[in-house]
Amino acid sequence: MELRLPPKRILWLLISLLLLGIFFRFVNIDRKVYWHDEVYTSLRINGYNGDRAVKELFNGQVITTEEVLRFQRPSPDKGFGDALARLIEHPEHPPLYYAIAHFWTRIFGGSIAATRSLSAVISLFVFPALYWLCWELFQHPTVGWYAVALMSVSPFYVLYAQEARQYSLWTLITLIVSASLLRAIRLKTWKNWVLYGCAIALNFYTFLLSIWFAFSCTIYVLAIERFRLTKISIRFFLSSFSGLLLFSPWLFVIFRNYVQFQDKTAWTKTKEPLTFLSTLWGLHLNSVFVDLGFDLYSIFSYIFTFIFIILLGYAIFLLYCHTPRRIWWFVIPLIALPALGLILPDLLRGGRASSASRYFIPAYIGIQIAIAHLFSTKIQSSKNIERKTWSILFAILISLGIASCFIVSSKYTWWNKVISYHNAEIAEIINQTERPLVVSDDYEINTGNLISLTHKLDPKVKLLFVKRPNLPQIPQQFNPIFLYNPSPELLKALQTEKKFAIELVPDRGYPIWKLTSISHSTLERRRHFTNS
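In this text the structure is predicted, and so the values were computed from the model without any measurement. (Residues numbered from 1 in each chain as written. Predicted model: local features only at pLDDT ≥ 70, side-chain atom pairs only at ≥ 80, totals over all residues. Heavy atoms only, no water.)

Core analysis: the biggest nonpolar cluster contains 145 residues, and Leu-181, Phe-289, Ile-369, Ile-371, Phe-375 and Ile-430 have the highest contact counts within it. Ignoring sequence-local partners within four residues, the contact set of Phe-289 consists of Leu-150, Pro-155, Phe-308, Ile-367, Gln-368, Ile-371, Leu-397, Leu-400 and Gly-401. One finds Val-439, Ile-481, Leu-491 and Leu-494 within the second-largest nonpolar core, a separate group that totals 14 residues. (Core = buried A, V, L, I, M, F, W, Y, C linked by side-chain atoms within 4.5 Å. Buried < 20%, exposed > 50% of the residue type's maximum accessible area, 1.4 Å probe, protein only. Contact = heavy atoms within 4.5 Å.)

Turning our eyes to something else, we now look at the packing of helix α8 (residues 126-138) against helix α11 (residues 167-187). Put simply, α8 and α11 touch, their axes get as near as 9 Å, and they point 25° apart. Judged by the angle between their axes, α8 and α11 are roughly parallel. The two elements α8 and α11 meet at a crossing, and its hand is left-handed. Taking contact as the criterion, the partners of Val-126, Ala-129, Leu-130, Trp-132, Leu-133, Glu-136 and Leu-137 in α8 are, on α11, Ser-168, Thr-171, Leu-172, Leu-175, Ile-176, Ser-178, Ala-179, Ser-180, Leu-182, Arg-183 and Arg-186. For the contact of α8 with α11, the per-class residue count stands at 11 nonpolar, four polar and three charged. (Axes fitted to C-alpha atoms, helices over the stretch in contact; angles between N-to-C directions. Helix = DSSP H or I, 4+ residues; strand = E, 2+ residues; numbered from the N terminus. Parallel < 35°, antiparallel > 145°, perpendicular 65-115°, else oblique. Left-handed = near helix turned anticlockwise from the far one by under 90°. Nonpolar A, V, L, I, M, F, W, Y, C, P; charged D, E, K, R; others polar.)

For the rest of this paragraph, the subject is helix α21 (residues 423-431). By the burial criterion, the buried members of α21 are Asn-423, Ala-424, Ile-426, Ala-427, Ile-430 and Asn-431. Seen end-on, α21 carries its buried residues on one side only, within an arc spanning 160°. (Arc of directions from axis to C-beta.)

The next thing to look at is the packing of aromatic side chains. One pass over the structure, following the stated rule, counts 35 aromatic pairs. The interplanar angle of 55° and the centroid separation of 4.6 Å between the aromatic rings of Trp-170 and Phe-207 together place this pair among those described as tilted. With Trp-170 in helix α11 and Phe-207 in the loop between α12 (190-206) and α13 (210-224), the pair connects residues that are 37 residues apart, well separated along the chain. Taken together, the ring pairs connect Phe-156, Tyr-157, Tyr-160, Tyr-167, Trp-170, Phe-207, Trp-267, Tyr-359, Phe-360, Tyr-364 and Trp-415 into an aromatic cluster. In this structure, Arg-31 is placed above the aromatic ring of Tyr-412, and the distance from its NZ or CZ to the ring centre is 4.0 Å. (Phe/Tyr/Trp six-rings, centres within 6.5 Å; stacked < 30°, edge-to-face > 60°. Lys NZ or Arg CZ within 6 Å of the ring centre and 35° of its normal.)

In terms of residue burial, strand β3 (residues 462-466) counts as a mostly covered element, since four of its five residues are buried. With three bridges connecting them, strand β1 (residues 62-64) and β3 associate as antiparallel partners. Opposite Thr-64, over in β3, you have Lys-462 as the bridge partner. One ladder, built from five bridges, connects strand β2 (residues 437-441) with β3; its direction is parallel. Residue pairing across strands places Val-438 opposite Leu-463, the latter belonging to β3. After leaving β2, the chain enters helix α22 (residues 446-454) and then returns to the sheet as β3, a path that is right-handed. (Pairing = 2+ DSSP bridges. Right-handed = clockwise from strand over helix to strand, strands pointing away.)

Let us now look at the pattern of salt bridges. Should the charged atoms of two oppositely charged side chains come close, the side chains can pair. Summed over the entire model, instances satisfying the criterion amount to 14 salt bridges. In this structure, Lys-417 engages Glu-163 in a salt bridge whose closest nitrogen and oxygen atoms are separated by 3.5 Å. Of this pair, Lys-417 sits in the loop between α20 (384-410) and α21 while Glu-163 is found in the loop between α10 (155-161) and α11, placing the two residues 254 residues apart along the sequence. Both residues of the pair, Lys-417 and Glu-163, count as buried. For the salt bridge of Glu-272 with Arg-352, the shortest nitrogen-to-oxygen distance reads 3.6 Å. Here Glu-272, found in the loop between α15 (258-264) and α16 (274-287), pairs with Arg-352, found in the loop between α18 (325-349) and α19 (361-379); they are 80 residues apart in sequence, far enough to count as distant. Residue Glu-272 is classed as partly exposed on the basis of its relative accessible area, which comes to 26%. Among the residues examined, Arg-352 registers a relative accessible area of 26% and is labelled partly exposed. It is possible to trace a salt-bridge network through shared partners that takes in Glu-38, Arg-116, Glu-163 and Lys-417. (Salt bridge = Lys/Arg side-chain N within 4 Å of Asp/Glu carboxyl O.)

Further remarks concern a nonpolar patch on the surface. Residues Phe-294, Tyr-297, Ile-299, Phe-300, Tyr-302, Ile-303, Phe-306, Ile-307 and Ile-310 make up a contiguous nonpolar surface patch of roughly 920 Å² in combined accessible area. The exposure class of Ile-299 is exposed, given its relative accessible area of 54%. (Patch = residues over 30% accessible without salt bridge, like charges linked within 9 Å, V, L, I, M, F, W, Y side chains within 5 Å. Areas by Shrake-Rupley, 256 points an atom, 1.4 Å probe, with all protein chains shown as cover.)

By the element assignment, Trp-513 lies in strand β6 (residues 512-517). Through-space distance from the C-alpha of Trp-513 to that of Thr-171 is 40 Å; in sequence the pair is 342 residues apart.

Take Ser-287: it is sitting in helix α16. When sequence neighbours within four positions are dropped, the list of residues in contact with Ser-287 reads Ser-154, Pro-155, Phe-156 and Trp-415.

A separate point is unusual backbone geometry. Residue Pro-469 is reached from Arg-468 by a cis peptide bond, and omega for that bond is 5°. Checked against the element boundaries, Pro-469 lands in the loop between β3 and β4 (481-484). A cis amide bond links Asn-479 with the next residue in sequence, Pro-480, at an omega value of 5°. Its identity as a non-glycine residue notwithstanding, Asn-28 has a phi of 50°, on the positive side. Inspection of the secondary structure puts Asn-28 in the loop between α1 (8-26) and α2 (36-45). Non-glycine residue Arg-226 carries a positive phi angle of around 55°. Secondary-structure assignment places Arg-226 in the loop between α13 and α14 (231-256).

Turn by turn, an α-helix covers 3.6 residues, leaving residues three or four places apart pointing in a common direction. Helix length check: α20, at 27 residues, gives a terminal C-alpha distance of 39 Å against a target of 39 Å (1.5 Å per residue), a fit within 8%. Turning to α20, its buried residues are Trp-390, Phe-394, Leu-397, Ile-398, Gly-401, Ile-402, Ser-404, Cys-405, Val-408 and Ser-409. Looking at the buried side of α20, the elements it contacts are α1, α9 (142-152), α10, α17 (299-322) and α19. (Expected span 1.5 Å × (residues − 1).)

The structure is reproduced here in structure tokens:
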């Protein structure tokens, strides 16, 4: 790959955006809620079994925050074998990222900042990988400059660069697979096909939904070879098969643990209204470029969705009409297949896999390349008015991205924290009291969410967890007592208990109640009233 520097003014702009992008990926990296899924990242890479954590923590005894958080940190008693055993119990998550994270935390520690910094560091390699892909695709550096500029201040990629999950790594390897495929086709050497085969295996070892991206690569090769059996198509299928063979050990793990696999992915089959899903799809598209924190059904969300659909449609049209088929046959399937692979099953069978924006990452890469090509083409137009108009539009888009990243970086929580979204605010309420006790049980997703909450709690806060159907024996010395997302059985049992008054606090939809002790004289008056 030949690295050509852009004109001086564009070079300084690109350097400035890259520096901003690096800043956004590391600033306040430990600020946001360490949410449910990240909690399970730490459990697994540290070799802890979720069932063991439940057994030790949900024991009906008053415990400290430190006793909870020890499950989130490396232990000398737990090695890589323990971590691998935990990963095998969760075959829906291939082991590559978690294996790297295991050794990373052994070197840099298990704090939130240290654990998340792995994703942030990986995200920096996305920039040269994206430039490489654009170079291989267009054989010209300009589109790569615009693509890197857009990626630098993309609020979506900034969010997931600060999350202790595999999505930055998935982005990076998807780019490497794409560029290595184009390079292998261009140079026609076996060593490049070997690189592609290894890269596609690593992609599957990072995330199972790489299957839809692999299909887009297959469609691309078949299309440019006009569905004929040529040297390129033969080498492609041999390399792909070799990659599948390299991934076969984990396929065996999935087969052996298929019941657990189905159980852990069952949430994707929960039905959601089409209006809700379609609104989310629009927000997915918006978040690649702009994320100013508008509500789900805000009119501004719909306006941005409409604008980006028009912009993307025009970008795809321009690709189709003005680039060789080897270019648009790569970009269009890259956008369409990973997106349709999520959306169509939800439409046909019912489900909500497409509600997770992070699953669309390969499609987002295609979208950003198409938009980058659109701007690079229009801004280099020979028509002065057209060039100025599109330059202003690009400046506006970049400015909205920068503003979004500033807002995202300053908050304690954001939409990607999903089921743990309110934990920062709940922790703040609890921390403001003098002798708080948090009570809960192992209802639904409480294990991960309670550990997530504990990361934000002060050491003075004490905790009391029980396994259903047991009821907690609540000591009298604590005040106030908070009840976090209780099971219906626990809530009903405590509501019938005469020693406490129960109120939802605050009345903003948070899953937390406040138990207020009732004085002895009040209890006597209640008993007298009841007997009367």
